Amino acid sequence: MKILIINGPNLNMLGVREPHIYGSQSFDSYFDSLKNQYPDVSFGYFQSNSEGDLIDCIQREGFTYDGIVINAGAYTHTSVAIADALSAVKSPAIEVHLSNVFRRESFRHHSFLSPVVKGVIGGFGLDSYRLAVEALFNSNK
Ligand code: DQA
């Protein structure tokens with residue numbers, strides 16, 4: 001199975017950025033442990049702080065992966081264009097968030113992505129990504 005993880009803006013700062021919300025582990029070190037847990041999965045990874053680059057990645061890779069796990073960061077709450085890109089491609093996507101966005105400011109309660117993805121996982125820190133991988137496994141059975 002091929003799974004692509006896409007991280008949006010500021011997620012390159014995990015471990016440094018607001019650790020009381022996002023934890024103190026970097027994504028790179030988490031990603032190493034995730035890959036070790038799923039040796040049979042071929043993982044791709046892309047991170048960008050730019051909306052257009054995220055869209056280019058979805059368009060480019062969204063026909064070759066069995067699933068996409070996407071944390072679009074703040075673009076979740078603003079980007080019709082990322083939602084349109086996810087709708088345009090074949091790979092099913094799961095939206096993830098480290099934090100429980102519904103326990104936070106009201107501007108984080110709306111997601112443009114939720115209506116176009118298979119499901120949404122949030123609030124479990126970095127473990128949200130593993131839960132999304134499990135969800136993709138189970139939905140492909
Ligand atoms: C986030 C939640 C977003 O509201 C925020 O802008 C982020 C991270 C999360 O993973 O909890 O950058 O997507």
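Relevant structure appears above.
Residues numbered from 1 in each chain as written. Predicted model: local features only at pLDDT ≥ 70, side-chain atom pairs only at ≥ 80, totals over all residues. Heavy atoms only, no water.

K.L.:
Describe the overall build of the protein, with residues and values.
P.N.:
Counting its secondary structure elements, the protein contains five helices and five strands. When the helices and strands of the protein are placed in sequence order, the string is β-α-α-β-α-β-α-β-β-α. Whereas a compact globule of 141 residues would reach a radius of gyration of roughly 14 Å, the protein reaches 14 Å, a difference of no more than 12%. On the principal axes, the C-alpha backbone points of the protein span a range of 35 × 35 × 25 Å. (Helix = DSSP H or I, 4+ residues; strand = E, 2+ residues; numbered from the N terminus. Rg over C-alpha atoms; globule rule 2.2 N^0.38 Å.)

K.L.:
I'd like a rundown of helix α2 (residues 27–37), residues and numbers included.
P.N.:
When α2 is considered as a whole, its buried residues turn out to be Phe-27, Tyr-30, Phe-31 and Leu-34. For α2, the arc enclosing every buried residue in end-on projection is 100°, short of the 170-degree limit, so these residues lie on one face. Turned more than 90 degrees from where α2 packs its buried face, Asp-28 and Asn-36 sit exposed. (Buried < 20%, exposed > 50% of the residue type's maximum accessible area, 1.4 Å probe, protein only. Arc of directions from axis to C-beta.)

K.L.:
An account of the packing of aromatic side chains is needed here, citing residue identities and associated values.
P.N.:
All told, the structure shown has nine aromatic pairs when counted by the stated rule. Where Phe-31 meets Phe-43, the ring centres are 5.9 Å apart and the plane angle is 80°; that geometry is what we call edge-to-face. Here the residue Phe-31 occupies a position in helix α2, and Phe-43 occupies one in strand β2 (residues 42–47), the gap between them amounting to twelve residues. Taken as a pair, Phe-31 and Phe-43 share a single burial class, namely buried. Pairwise contacts between aromatic rings join Phe-27, Tyr-30, Phe-31, Tyr-38, Phe-43, Tyr-45, Tyr-129 and Phe-137 into one cluster. In this structure, Lys-2 is placed above the aromatic ring of Tyr-65, and the distance from its NZ or CZ to the ring centre is 4.6 Å. (Phe/Tyr/Trp six-rings, centres within 6.5 Å; stacked < 30°, edge-to-face > 60°. Lys NZ or Arg CZ within 6 Å of the ring centre and 35° of its normal.)

K.L.:
Pulling in residues and values, what's your account of the site of the ligand?
P.N.:
In the neighbourhood of the ligand, the contacting residues comprise Arg-17, Tyr-22, Asn-71, Gly-73, Ala-74, His-77, His-97, Leu-98, Ser-99, Val-101, Arg-104 and Arg-108. Between the ligand and Ser-99 there is a distance of 2.6 Å, counted from an oxygen atom to a side-chain nitrogen or oxygen. Coverage of the ligand by the protein amounts to 99% of the 320 Å² it exposes when considered alone. Under a 2 Å grid-point criterion requiring more than half of the atoms, the pocket assigned to the ligand is the largest pocket. Of the residues assigned to the shell around the ligand, the class counts are four nonpolar, five polar and three charged. (Near = heavy atom within 4 Å. Polar contact = N/O pair within 3.5 Å; in protein donor to acceptor, adjacent residues only side chain to side chain. Areas by Shrake-Rupley, 256 points an atom, 1.4 Å probe, with all protein chains shown as cover. 1 Å grid on protein atoms, 1.4 Å probe; cavity = no way out; pocket = protein on both sides within 12 Å on 5 of 7 lines; lining within 4 Å. Sits in = over half its atoms within 2 Å of the grid points. Nonpolar A, V, L, I, M, F, W, Y, C, P; charged D, E, K, R; others polar.)

K.L.:
Residues and numbers for the pattern of salt bridges, please.
P.N.:
Counted under the stated rule, the structure contains five salt bridges. Its salt-bridge partner being Glu-61, residue Arg-60 comes within 3.4 Å of it at the nearest N-O pair. You can call Arg-60 partly exposed: its relative accessible area is 48%. A salt bridge links Glu-105 to Arg-104, with the shortest nitrogen-to-oxygen separation between them at 3.9 Å. Among the residues examined, Glu-105 registers a relative accessible area of 35% and is labelled partly exposed. (Salt bridge = Lys/Arg side-chain N within 4 Å of Asp/Glu carboxyl O.)

K.L.:
I'd like to hear about the packing of helix α3 (residues 51–61) against helix α4 (residues 80–88), residue by residue, with values.
P.N.:
One way to put it is that α3 packs onto α4 with a least axis distance of 9 Å and a crossing angle of 5°. Here α3 is positioned roughly parallel relative to α4, judged by the angle of their axes. Within the contact between the two elements, α3 uses Glu-51, Leu-54, Ile-55 and Ile-58 and α4 uses Ala-81, Ile-82, Ala-85 and Leu-86. When its residues are assigned to classes, the contact of α3 with α4 shows seven nonpolar, no polar and one charged. (Axes fitted to C-alpha atoms, helices over the stretch in contact; angles between N-to-C directions. Parallel < 35°, antiparallel > 145°, perpendicular 65-115°, else oblique. Contact = heavy atoms within 4.5 Å.)

K.L.:
An account of the environment of His-109 is needed here, citing residue identities and associated values.
P.N.:
Position of His-109 among the secondary structure elements: in the loop between β4 (93–97) and β5 (119–122). Residue His-109 is classed as partly exposed on the basis of its relative accessible area, which comes to 34%. A polar contact of 3.5 Å, which involves the side chain of His-109, links it to the backbone oxygen of Val-101.

Take it as geometry only, folks, not as evidence of what the structure does.
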